[in-house]
Amino acid sequence: MRSRLLAAALLVAILWSCLCYASDSTTANAAGQTVIEGVLTQVSKLPKAESNPYLDCYYTAVIEIKNILSGRSVPKKAVLVLPGFFARQYAPEAHFKTGDMIRATVVPFASMPDKVKQTQQADEVEDVDLEFYYPQSIATIKSLDDAKVSVPFTDEKTGSEKLIGKQKEATAATSRSQQIRHDLHYINEELAKHGGDWDRWYDSLRGFREEYKKKYDAKAARWIGDSYFSAGLNEYGKGYSPDFVSSLVAFNKYLAERNVDLIVVRVPQKGEIVDDLFVPMPKDLVSNPYLLRLYKELLEADVEVVVDVVPRLKQSRMGFPLMYYYQDFAEEHPAEGAAWALAEVLVERIQRYESVRKASRADLKLGRASLPQHGLKWPEGNPKFNPAEPVSFSSVTSEKIAPLLRQGTTSPILVVGSSFIGSPSFDRGGNIPAYLAYLSGVIPDVLYREGSNATIPRAIAREGDGFLKNRSACIFPLVPWSIHLPLDLPPIVNPAGKEKVLITSYTGNDLRAHVTFSQNTPKNVFTFSPAGDLTVQSQNKETRMAGDFELDLPEATSRYPYILVAVETKSKDAATIKALYGKQSDTVHKSYTQDDRKDFFVFKVESPNIRSATFSISNIRSDIPMIIETISIYGLK
């Protein structure tokens, strides 16, 4: 009797296990999760909960994944972020050790709430190329499942999917990993000194912010020796966009898949490097801890970002008459001093690459230049600088290479950005990439998009993979306020890899007939010329907002898996165009310096019933309207 009961119980247990496994698999598929099995090959040491300065802590483990039981493709090797302790009480998952066989339902760690992502981690994993995942459920198992599942590993791409480019240098990868770990350690130490609480740290600086604002409102300014400063704008806000973080992480991944390292440096606002000259500074010299919080998120996602940029610029500020144009409170672009100091910081980073060390050195000269027609004059108050004369700056030139900076394809270093990489002057060799060339001897190629910081990832993708083939690193100096908006990512599919079929093209009277303006848009925003060109004006000078229009899509679009809408303009503007199709959106930030006047929007065809797309236009300067000449619609297959 007992044996029959035991057999029945065993049968129930087996059935229950199978049902749970099937349920887990079904749920994982529905929620976009992945059920995996594998072996933990490295487990970071979890600190003692009772003596740790942090109340909560996760710890990391490297897993060799043997099976994908259901869900999405994942790499064969990854990092799991495991719960360690909370309120200094150990979590049930705190017991895992090297060699454990486990089954887990995982999601990308980047998809977790900020509360999880920003909690302290015990992380001894040195391989920064691994992707991070969070186990929503995890348990040890005695053996691995023999079932064959058709979900491939992301490492197992077909030959047509593999990207061929410059191979990564092992020593450079190690140096990069060490730099990221060093910077993360610094941020974590500073956070620990303030009780592990970002909000408390920020609130403790309220008095400092209030005192500095008084100086800013008074437009306080002074010469200190032969260097001039004023209490310029300082980034004191808490906010930065999670969408910005995710877009930069995606851009970093896009480059990494092509064996190119991304190096990001946020150009500080002019007040960030002078605040201690006007009011007493916090002991740790950190005026806004939320910037460190941003950097921590990026570093943990394997985005290399220059963390110590503000201290480095403060160290350099007495070596230049102007770090920024402090005599003009509205001007935010870097002057010679900031551009040169940023170049020095970046040159240190690129020396890790053998391709840079072995590159032939250019014969460059350093002189002085100014912008008599458009430049600012020297500030008053120092007899060494004539306030009637335009500000001069160091100018890098070459007798053999002109122009010095170009959008080439051969340099191991690519510098990308908007007008902040072209200041004081792009054409006269006074800017971050020109100074980097002089200091390193290696002239970088440049992708320069004046007026549009956000368009850079999409602009690179548009150039094609051949544009990145010879690169070791892509340097991206960010406009200081770019952290509040996402970057434009490449379209959901690469049009160059698809057969493109023209469905229709609207121009002249056809354009007029297939565009409908939103009723909420003022009448003066959209106007047609006699030739049928569509001119788009801003509603007012301050907001630069324009309006919306709806574009008719022909029935033939339903016959293709993807459609591409090309908007061709006559104007050199920097408008932002957001296109909506069903539940999808695609955004392009135009640039004053882009050569191609066509901008593309790509969508997956959702339903044959969707017969229109809506276009929202913004960032229109009152003196530079956007003029749309043609809108063409293609099917992609």
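Since the structure is predicted, the reported quantities are computational estimates derived from the model, not experimental observations.

Colleague: When you look at the overall build of the chain in this model, what are you seeing that I'm missing?
Modeller: Counting secondary structure elements, the chain contains 13 helices and 27 strands. Here the C-alpha atoms of the chain give a radius of gyration of 28 Å, agreeing with the 26 Å that 2.2 N^0.38 yields for 637 residues. Across its three principal axes, the chain shows a C-alpha extent of roughly 105 × 65 × 50 Å. When the 637 residues of the chain are sorted by exposure, 51% land in the buried category. Sequence-distant contacts in the chain: of pairs separated by 6 or more residues, those separated by 24 or more amount to 79%. If you sum the accessible surface of the chain, you get close to 29,700 Å²; carbon and sulfur atoms cover 51% of it. Looking at the chain, you have 76 positive and 77 negative side-chain charges, and the mean spots of the two groups are 1 Å apart.

Colleague: Any chance you could explain the sheet that holds strand β18 (residues 515-517) here in plain terms?
Modeller: Each strand in a sheet pairs with its neighbour through backbone hydrogen bonds, running either in the same direction (parallel) or in the opposite one (antiparallel). Spatially, β18-β21-β26-β23-β24 is the arrangement adopted by the 5 strands of the open sheet, whose pairing is antiparallel. The open sheet has two edge strands, β18 and β24 (584-589), and neither has a second partner. On average, adjacent strands in this sheet sit at an angle of 20 degrees to one another, irrespective of strand direction.

Colleague: Looking at this structure, how should I read the pairing of strand β22 (residues 562-569)?
Modeller: A regular strand places its side chains so that they alternate between the two faces of the sheet. With 7 of 8 residues buried, β22 is to be regarded as a mostly interior element. Pairing of β22 with strand β25 (residues 598-604) involves 7 bridges; the strand directions are antiparallel. For Glu-568, the partnering residue across the bridge sits in β25 and is Lys-598. As defined by bridge partners, β22 adjoins strand β27 (residues 626-636) across 8 bridges and the pair is classed as antiparallel. Bridged to Ala-566 within β27 is Ser-632.

Colleague: Is there a simple way to think about the packing of aromatic side chains in this case?
Modeller: Pairs of aromatic rings are described using the distance from one ring centre to the other and the angle between the two planes. Evaluation of the coordinates by the stated rule reveals 21 aromatic pairs. Judged by centre distance (5.4 Å) and plane angle (35 degrees), the rings of Tyr-581 and Phe-603 are tilted. Of this pair, Tyr-581 sits in strand β23 (residues 576-581) while Phe-603 sits in strand β25, and the two are 22 residues apart along the sequence. Among the aromatic residues, those joined into a cluster by ring pairs are Phe-517, Phe-526, Phe-528, Phe-549, Phe-601 and Phe-615. Over the ring of Tyr-254 we find Arg-258; its NZ or CZ atom is 3.7 Å from the centre of that ring. We note Arg-471 situated over the ring of Phe-467; from NZ or CZ to the ring centre the distance is 4.8 Å.

Colleague: Looking at this structure, how should I read a nonpolar patch on the surface?
Modeller: Among the surface-exposed residues, Leu-366, Tyr-438 and Leu-439 lie close enough to one another that they form a single nonpolar patch of about 230 Å² accessible area. For Leu-439, a relative accessible area of 32% corresponds to the partly exposed category.

Colleague: How should empty space enclosed by the protein be read in this particular structure?
Modeller: Gaps left between atoms are located by rolling a probe of water-molecule size over the structure's atoms. Tallied over the entire structure, the rule returns 3 cavities of 30 Å³ or more. Classifying every residue of the lining of the second largest cavity by side-chain character gives 8 nonpolar, 1 polar and 1 charged.

Colleague: Can you help me understand the nonpolar core in this one?
Modeller: One recurring pattern in soluble globular proteins is that nonpolar side chains are buried together. Leu-248, Leu-262, Tyr-295, Leu-313, Met-323 and Ile-460 are the most contacted members of the largest nonpolar core, which has 110 residues in total. The greatest single-element share of this core, amounting to 10 residues, is contributed by helix α9 (residues 336-350). Setting aside its immediate chain neighbours within four residues, Tyr-295 contacts Ile-187, Arg-266, Val-305, Val-306, Val-307 and Val-309. Leu-553, Ala-613, Phe-615 and Ile-631 belong to the second-largest nonpolar core, a separate cluster that totals 31 residues.

Colleague: Which parts of the structure should I look at to understand the confidence of the model for the chain?
Modeller: Caution applies to low-pLDDT regions: their predicted coordinates should not be interpreted in detail. Taken over all residues, the pLDDT of the chain has a mean of 88, while the share at 70 or more is 92%. The model gives residues 1-31 a pLDDT under 50, and that stretch makes 12 contacts with residues more than four places away or in other chains.

Colleague: Would you mind showing me how to read the side chain of Ser-395 here?
Modeller: Within the fold, Ser-395 resides in strand β13 (residues 392-397). Side-chain polar atoms of Ser-395 contact the backbone oxygen of Arg-428, separated by 2.5 Å. Sequence-distant contacts of Ser-395, defined by excluding residues within four places in its chain, comprise Lys-365, Leu-366, Gly-367, Arg-368, Ala-369, Arg-428 and Gly-429.

Colleague: Explain the pattern of salt bridges here, please?
Modeller: Close approach of charged atoms lets side chains of opposite charge pair. Under the definition given, this model contains 32 salt bridges. Between Glu-272 and Arg-266 there is a salt bridge whose closest N-O contact spans 2.8 Å. A single burial state applies to Glu-272 and to Arg-266, both of which are buried. For the salt bridge of Glu-336 with Arg-368, the shortest nitrogen-to-oxygen distance reads 3.3 Å. Of this pair, Glu-336 sits in helix α9 while Arg-368 sits in strand β12 (residues 365-370), and the two are 32 residues apart along the sequence. Among the ionic contacts, a cluster of salt bridges with common partners joins Arg-176, Asp-183, Asp-261, Asp-302, Glu-304, Arg-349 and Arg-352.

Colleague: It is not clear to me how the sheet that holds strand β10 (residues 261-266) should be interpreted in this structure. Could you clarify?
Modeller: The 5 strands are arranged β11-β10-β16-β14-β15 in an open sheet whose pairing can be described as parallel. Single-partner strands in this sheet number two, and they are β11 (304-305) and β15 (445-448). Note that strand β14 (residues 413-417) and strand β16 (residues 473-478) share 3 bridges and pair parallel. Residue pairing for β16: Leu-414 is matched across the bridge by Cys-474. Running over the sheet, helix α6 (residues 242-256) touches β10 and β16 and is turned about 145 degrees from β10.

Colleague: Would you take a moment to explain helix α5 (residues 206-217) for this structure?
Modeller: At 3.6 residues per turn, the α-helix brings residues three or four places apart onto the same side. For α5, with 12 residues, the first-to-last C-alpha span of 16 Å sits near the 16 Å given by 1.5 Å per residue. The complete set of buried residues in α5 reads Phe-208, Arg-209 and Tyr-212. One side of α5 holds all its buried residues, which, seen down the axis, span an arc of 95 degrees. In this structure, the buried side of α5 is in contact with α4 (198-203). With its phi angle positive at about 55 degrees, Lys-219 sits one or two positions after the end of α5.

Calculation criteria
Residues numbered from 1 in each chain as written. Predicted model: local features only at pLDDT ≥ 70, side-chain atom pairs only at ≥ 80, totals over all residues. Heavy atoms only, no water. Helix = DSSP H or I, 4+ residues; strand = E, 2+ residues; numbered from the N terminus. Rg over C-alpha atoms; globule rule 2.2 N^0.38 Å. Buried < 20%, exposed > 50% of the residue type's maximum accessible area, 1.4 Å probe, protein only. Contact = heavy atoms within 4.5 Å. Areas by Shrake-Rupley, 256 points an atom, 1.4 Å probe, with all protein chains shown as cover. Lys, Arg positive; Asp, Glu negative; His and termini not counted. Charge placed at Lys NZ, Arg CZ, Asp CG, Glu CD. Pairing = 2+ DSSP bridges. Axes fitted to C-alpha atoms, helices over the stretch in contact; angles between N-to-C directions. Phe/Tyr/Trp six-rings, centres within 6.5 Å; stacked < 30°, edge-to-face > 60°. Lys NZ or Arg CZ within 6 Å of the ring centre and 35° of its normal. Patch = residues over 30% accessible without salt bridge, like charges linked within 9 Å, V, L, I, M, F, W, Y side chains within 5 Å. Salt bridge = Lys/Arg side-chain N within 4 Å of Asp/Glu carboxyl O. 1 Å grid on protein atoms, 1.4 Å probe; cavity = no way out; pocket = protein on both sides within 12 Å on 5 of 7 lines; lining within 4 Å. Points joined across faces, edges and corners; volume = space filled by probe spheres on them. Nonpolar A, V, L, I, M, F, W, Y, C, P; charged D, E, K, R; others polar. Core = buried A, V, L, I, M, F, W, Y, C linked by side-chain atoms within 4.5 Å. pLDDT = per-residue confidence, 0-100. Polar contact = N/O pair within 3.5 Å; in protein donor to acceptor, adjacent residues only side chain to side chain. Expected span 1.5 Å × (residues − 1). Arc of directions from axis to C-beta.

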